[in-house]
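# Secondary and tertiary structure notes
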Amino acid sequence: MSKKPFIGLTPSHTLSTDDLAMRYTYLDAIAYAGGIPMVLPLKASREDLKSIVEKMDGILFVGGPDIHPFRFGEETQRYCGEVSLVRDELELSLLSVAMELEKPILGICRGIQLLNVGLGGTLYQDLPSQWKEEFPISHSQACKGELPSHHIEVVPNTLLSSIVSAPQIEVNSFHHQAVKDLAPKLRASGYAPNRLIEAIELPDYPNFFLGVQWHPEYLFAHNEAAGKLFTAFVDACRS
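Presented here is a report on the structure given in the accompanying data block.

Rules behind the numbers
- Residues numbered from 1 in each chain as written.
- Predicted model: local features only at pLDDT ≥ 70, side-chain atom pairs only at ≥ 80, totals over all residues.
- Heavy atoms only, no water.
- Helix = DSSP H or I, 4+ residues; strand = E, 2+ residues; numbered from the N terminus.
- Buried < 20%, exposed > 50% of the residue type's maximum accessible area, 1.4 Å probe, protein only.
- Lys, Arg positive; Asp, Glu negative; His and termini not counted.
- Salt bridge = Lys/Arg side-chain N within 4 Å of Asp/Glu carboxyl O.
- Polar contact = N/O pair within 3.5 Å; in protein donor to acceptor, adjacent residues only side chain to side chain.
- Contact = heavy atoms within 4.5 Å.
- Pairing = 2+ DSSP bridges.
- Axes fitted to C-alpha atoms, helices over the stretch in contact; angles between N-to-C directions.
- Phe/Tyr/Trp six-rings, centres within 6.5 Å; stacked < 30°, edge-to-face > 60°.
- Parallel < 35°, antiparallel > 145°, perpendicular 65-115°, else oblique.
- Left-handed = near helix turned anticlockwise from the far one by under 90°.
- Nonpolar A, V, L, I, M, F, W, Y, C, P; charged D, E, K, R; others polar.
- Core = buried A, V, L, I, M, F, W, Y, C linked by side-chain atoms within 4.5 Å.
- Disulfide = S-S within 2.5 Å.

## Some details on the side chain of Glu 201
Position of Glu 201 among the secondary structure elements: in strand E12 (residues 197-201). It is Arg 187 that comes nearest to the buried, bridge-free Glu 201 among opposite-charge side chains, at 5.0 Å. One polar contact links the side chain of Glu 201 to the main-chain amide nitrogen of Leu 160, over a distance of 3.2 Å. Ignoring anything within four residues of it in the chain, the contact list for Glu 201 reads Thr 158, Leu 159, Leu 160, Leu 186, Arg 187, Ser 189, Phe 209 and Leu 210.

Encoded structure:
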């Protein structure tokens, strides 16, 4: 039996109480795929982060509050939401360390945005006020996360397409920010029907590197594509 890899998960930061938190659905998804989830600290020096990441087999950047606009060179837009400066600092340092050590990386929701910002991209700070379309797609769905909200088009010949093996998949949606200007080295590998970027990857990275805007941790138990995402990530972490 192959070993179970240790997967480091970025912690959520409950701003109202200043507590560290973690939603169990992320833990369940990693365990489902054969990994052992480990919640990382909210504060750590770069030296300590390197020691931690050396012991991890992969890193998952989870969802959460908005990234501070100063991180991508913009003023704060009126409808930008709450931010956690301590989490921004931790995750940007963690991304740098994880890439330096060539660890497999998966980003979910805020995670895809963090990967893009960390590599030099920008974000829409608020889709309802900045992204206009004739038929507005529901990116902040009212129904439960176990239900899909819209489809995404999967770009052929990408890491995402090799995982899901389908030109189109169903996804859920809980976000008001999204990738705007793609970081120079990244590639878009999935689009919403309105052509908003929903998945990104780093083609030249020597290991697994993928960010998705939806929440597969709510879907993995009954959605084949979501289950495959976690399985592919954890399998990459075994090597």
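## Observations regarding the sheet that holds strand E11 (residues 187-191)
Adjacent strands of a sheet pair through backbone hydrogen bonds, lying either parallel or antiparallel. One open sheet holds the nine strands; their spatial order is E4-E1-E5-E6-E13-E12-E11-E8-E9, and the pairing between them is mixed. The open sheet has two edge strands, strand E4 (36-39) and strand E9 (168-171), and neither has a second partner. Recorded for the sheet is a direction-independent mean angle of 25° between the axes of neighbouring strands. Strand direction decides the pairing type here: strand E1 (residues 6-9) and strand E5 (residues 58-61), joined by three bridges, are parallel. Residue Leu 9 lies in a different strand from E5, and its bridge partner there is Leu 60. On top of the sheet, helix H4 (residues 110-118) reaches E5, strand E6 (105-108), E12 and strand E13 (209-212); it is set at about 120° to E6, its chief contact.

## Topic: the pattern of salt bridges
Scanning the entire structure with this criterion turns up twelve salt bridges. Residues Glu 224 and Lys 228 are paired through a salt bridge, measuring 3.3 Å at the closest nitrogen-oxygen approach. You can see Glu 224 and its partner Lys 228 sitting in helix H7 (residues 224-238), four residues apart, about one turn around the helix. We classify Lys 228 as partly exposed; its relative accessible area is 27%. For Asp 235, the salt bridge is made with Arg 238, and the minimal N-O distance between the two is 3.1 Å. Here the residue Asp 235 and the residue Arg 238 both occupy positions in helix H7, the gap between them amounting to three residues, near one helical turn. Asp 235 gets classed as partly exposed once you look at its relative accessible area, which sits at 37%. Connected through salt bridges with shared partners, the residues Arg 87, Asp 88, Glu 91 and Arg 110 form a single ionic network.

## As for the packing of aromatic side chains
Enumeration according to the criterion identifies six aromatic pairs in this entry. Seen from their ring centres, Phe 174 and Tyr 218 are 6.2 Å apart, and the 55° between their planes marks the pair as tilted. Pair noted here: Phe 174 is in the loop between E9 and strand E10 (178-179) and Tyr 218 is in the loop between E13 and H7, with a separation of 44 residues, a long-range link. Aromatic pair Phe 220 and Phe 230: ring centres 6.3 Å apart, planes at 75°, arrangement edge-to-face. In this pair, Phe 220 is assigned in the loop between E13 and H7 and Phe 230 in helix H7, connecting sequence segments ten residues apart. Phe 230 shares its class with Phe 220; the two are buried.

## Focus on the packing of helix H3 (residues 85-100) against H4
One way to put it is that H3 packs onto H4 with a least axis distance of 10 Å and a crossing angle of 65°. One way to sum up the angle between H3 and H4 is to call them roughly perpendicular. Along this stretch, H3 crosses H4, giving a crossing that reads as right-handed. Of the residues in H4, those touching H3 at Arg 87, Asp 88, Glu 91, Leu 92 and Leu 95 are Arg 110, Leu 114, Leu 115 and Gly 118. The class makeup of the residues in the contact of H3 with H4 is four nonpolar, one polar and four charged.

## Focus: the environment of Glu 47
Mapped onto the elements, Glu 47 comes out in helix H2 (residues 46-55). In the structure, Glu 47 is positioned 50 residues away from Val 97 in sequence and 9.3 Å away in space, judged by C-alpha atoms.

## Section: the nonpolar core
Residues Leu 60, Leu 160, Trp 214 and Phe 233 are the most contacted members of the largest nonpolar core, which totals 33 residues. Every element with two or more residues in this core is listed here: E1, helix H1 (24-32), E6, strand E8 (150-154), helix H6 (159-164), E9, E13 and H7. Ignoring anything within four residues of it in the chain, the contact list for Leu 60 reads Ile 7, Gly 8, Leu 9, Thr 10, Tyr 26, Ile 30, Leu 106, Ile 108 and Phe 233. One finds Leu 40, Leu 90, Ala 98 and Phe 209 within the second-largest nonpolar core, a separate group that totals 30 residues.

## What to know about the state of the cysteines
The final tally for this structure, using the stated rule, is zero disulfides. With no disulfide partner, Cys 143 has as its closest neighbouring cysteine sulfur the one in Cys 109, 15 Å distant. Since its relative accessible area comes to 31%, Cys 143 is described here as partly exposed.

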